[in-house]
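Secondary and tertiary structure notes
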Amino acid sequence: MTPRLLVIGGGILGMMSASAAAKAGGFSEIIVTEQALGPSGASHYSGGVHFPYGRQDRTRSLTRKSAVALAAMAGSAVSGWCRPLAMRVVAGPGEAIDPAQFTGPLDPAEPDMGSLAPSFCDDTRFWSIAGAHVADVPALIAQLQLELVARIRVAHGLRCVRLRERGDGAEAEFATGEIISADVVILAAGPWIVEAPFLELTEAFSIRIKKVVALHLDRTSTLDDALIFMPRAEAFLLPQPAAGRWLFSYTSTDWDVRPETLACGLSRADLEAGRAVLERFCPGLGRDLTSGRVFCDAYSPSGAPVVARLAAQSCIILAGAANGSGYRFSPQIAREAVALAAENPTASTA
Ligand SMILES: Cc1cc2nc3c(=O)[nH]c(=O)nc-3n(C[C@H](O)[C@H](O)[C@H](O)COP(=O)(O)OP(=O)(O)OC[C@H]3O[C@@H](n4cnc5c(N)ncnc54)[C@H](O)[C@@H]3O)c2cc1C
């Protein structure tokens, strides 16, 4: 009998998983349930940047494999959700760069970064590297949904309030009262994964939720501007010419936040933390960071995404905790989740 697959969460990981399952075949039915109307979680806020970088073997492997898949998808896209980007890697004064963390060759470059070039400290070093792009993540999700409309059911406004293993499969109950039984479940609830009804199922993975902030820099950018990546600071400057600005993403240190409490927008501390990071590279530019976006993402203890059964023979597969890189790793996370979903766990552990 071919299994019935339920995907919980309609963000980029849930929709990529549904798409991968539809392409792989072998499922009698694929259902995606999403509590909101369209992507409202981390995927809604995502900067959509893909760059050829990973701090460990696992994330570099995900980077390589996902880059190939995203390029193939962008090639067939009709809505133009993807824009290739030139990219510069930047080392500030006294900082070292590890070329082994990049999945392509780094070539020394001149400080030719268009409008922002004069803002960088004199002793900054630059390299160029190929392979970056920026995606409109909600537009990609909309495209996936359009492609899948005849093959899967996407149910919006269905909030899962209970999820449990039952017999050979699982049973999910929704706030509407609907109960959906499935042979296998991919749980892609983003930063809601540590909340009811999922916490008791996922506690063993020690996933934590961290704030993610990307600030808007009020300086014009052009289509020729490169993505500027500061690996030691885990920060980047993304040109957003259509919006007449740059997006500055830096690493927040606010742990154990919750999606519900971030709807109140940026705090003064968010702005000040971002300004302090940017000023290390571009003195005087921090004051032009005035607005932005704030949400959160799920992070794993290992620094690599989690794609795993809840337990050895569980039919529930967790796909998430992509540590602020869930867009760029999404095709490969989805592929791995679907491969697990297609396996019979009893057979694989016998
Ligand atoms: C500001 C910001 C910038 C970022 N920039 C980048 C970037 O440039 N590049 C990159 O690769 N990554 C980036 N990320 C990270 C990336 O966006 C996330 O890792 C990715 O979107 C996670 O996708 P997801 O599907 O796991 O989660 P989500 O997008 O949060 O989706 C989870 C979905 O599950 C639904 N859900 C939750 N609970 C339930 C329930 N009980 N019942 C039904 N549905 C439920 C939610 O409504 C939500 O839509 C950024 C993140 C943020 C916040």
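Residues numbered from 1 in each chain as written. Predicted model: local features only at pLDDT ≥ 70, side-chain atom pairs only at ≥ 80, totals over all residues.

Moving on, we come to the site of the ligand. Surveying the vicinity of the ligand reveals 40 residues, the closest of which are Gly9, Gly11, Gly41, Gly190 and Gly326. Those elements that place two or more of their residues in the shell around the ligand are helix 1 (12-24), strand 2 (29-34), helix 2 (42-45), strand 12 (208-217) and strand 16 (289-299). For the shell around the ligand, the residue count by class is 18 nonpolar, 17 polar and five charged. Per-domain counts for the shell around the ligand show at least three residues from each of domain 1 (1-81 + 136-207 + 304-350) and domain 2 (84-133 + 208-299). (Near = placed C-beta within 6 Å. Helix = DSSP H or I, 4+ residues; strand = E, 2+ residues; numbered from the N terminus. Nonpolar A, V, L, I, M, F, W, Y, C, P; charged D, E, K, R; others polar. Domains from an automatic or database assignment.)

The next point concerns the sheet that holds strand 7 (residues 153-156). Across the sheet, which stays open at both edges, the six strands sit in the order 7-2-1-11-18-17 with mixed pairing between neighbours. Two strands close off the open sheet at either side, each with one partner strand: strand 7 and strand 17 (306-309). Along the sheet, successive strands turn relative to each other by an average axial angle of 15 degrees, direction set aside. Packed onto the sheet, helix 1 meets strand 1 (4-8), strand 2, strand 11 (184-187) and strand 18 (316-320) and runs at close to 175 degrees relative to strand 2. (Pairing = 2+ DSSP bridges. Axes fitted to C-alpha atoms, helices over the stretch in contact; angles between N-to-C directions. Contact = placed C-beta atoms within 7 Å.)

Checked against the element boundaries, Ala337 lands in helix 7 (residues 330-342). For the pair formed by Ala337 and Cys264, sequence separation is 73 residues and the distance between their alpha carbons is 34 Å.

On to the sheet that holds strand 9 (residues 169-174). Ordered in space as 8-9-10, the three strands form an open sheet in which the pairing is antiparallel. Single-partner strands in this sheet number two, and they are strand 8 (160-166) and strand 10 (179-182). Strand-to-strand twist across the sheet, computed as the mean angle between neighbouring axes with direction ignored, equals 15 degrees. Where strand 9 lies against strand 10, four bridges are found, and the strand directions are antiparallel. Of the residues in strand 10, the one forming a bridge with Ala172 is Ile180.

As a further point, take helix 6 (residues 268-281). Taking 1.5 Å as the rise per residue, helix 6 with 14 residues should run 20 Å; its terminal C-alpha atoms sit 21 Å apart, in good agreement. Residues Gly274, Val277, Leu278 and Phe281 constitute the buried set of helix 6. Burial along helix 6 is one-sided: seen end-on, the buried residues are contained in an arc of 95 degrees. Exposed positions of helix 6 whose direction lies more than 90 degrees from the buried face are Arg268, Ala269, Glu272 and Ala276. Buried residues belonging to helix 6 abut strand 4 (82-91), strand 12, strand 13 (227-230), strand 14 (235-240), strand 15 (245-250) and strand 16. (Expected span 1.5 Å × (residues − 1). Buried ≥ 20, exposed ≤ 12 C-beta atoms within 10 Å, placed from the backbone. Arc of directions from axis to C-beta.)

Turning our eyes to something else, we now look at the pairing of strand 17. Pairing of strand 17 with strand 18, which is carried by four bridges, proceeds in the antiparallel orientation. Counted as the bridge partner of Val307 is Ala319 from strand 18. A loop of six residues connects strand 17 with strand 18, the two strands running antiparallel in sequence.

Let us look at the domain arrangement of the protein. In terms of domains, the protein is made up of domain 1 (1-81 + 136-207 + 304-350) and domain 2 (84-133 + 208-299). Centre-to-centre, using C-alpha coordinates, domain 1 lies 28 Å away from domain 2. At the interface, 26 residues of domain 1 touch 27 residues of domain 2. The set of elements that each furnish at least two residues to the side of domain 1 that touches domain 2 consists of helix 2, strand 3 (49-50) and helix 3 (57-75). Here the side of domain 1 that touches domain 2 gets four residues from one element, more than from any other, and that element is helix 3. A breakdown of the residues in the side of domain 1 that touches domain 2 according to their chemical character gives 13 nonpolar, ten polar and three charged.

Let's shift gears to the packing of helix 1 against helix 4 (residues 137-148). Between helix 1 and helix 4, the shortest axis-to-axis distance is 10 Å and the interhelical angle comes to 30 degrees. Taken together, the axes of helix 1 and helix 4 are roughly parallel relative to one another. Considering how the two elements wind past one another, helix 1 and helix 4 form a crossing that is left-handed. Contacts from Ile12, Met15, Ala18, Ser19 and Ala22 in helix 1 reach Val137, Ile141, Leu144, Gln145 and Leu148 in helix 4. (Parallel < 35°, antiparallel > 145°, perpendicular 65-115°, else oblique. Left-handed = near helix turned anticlockwise from the far one by under 90°.)

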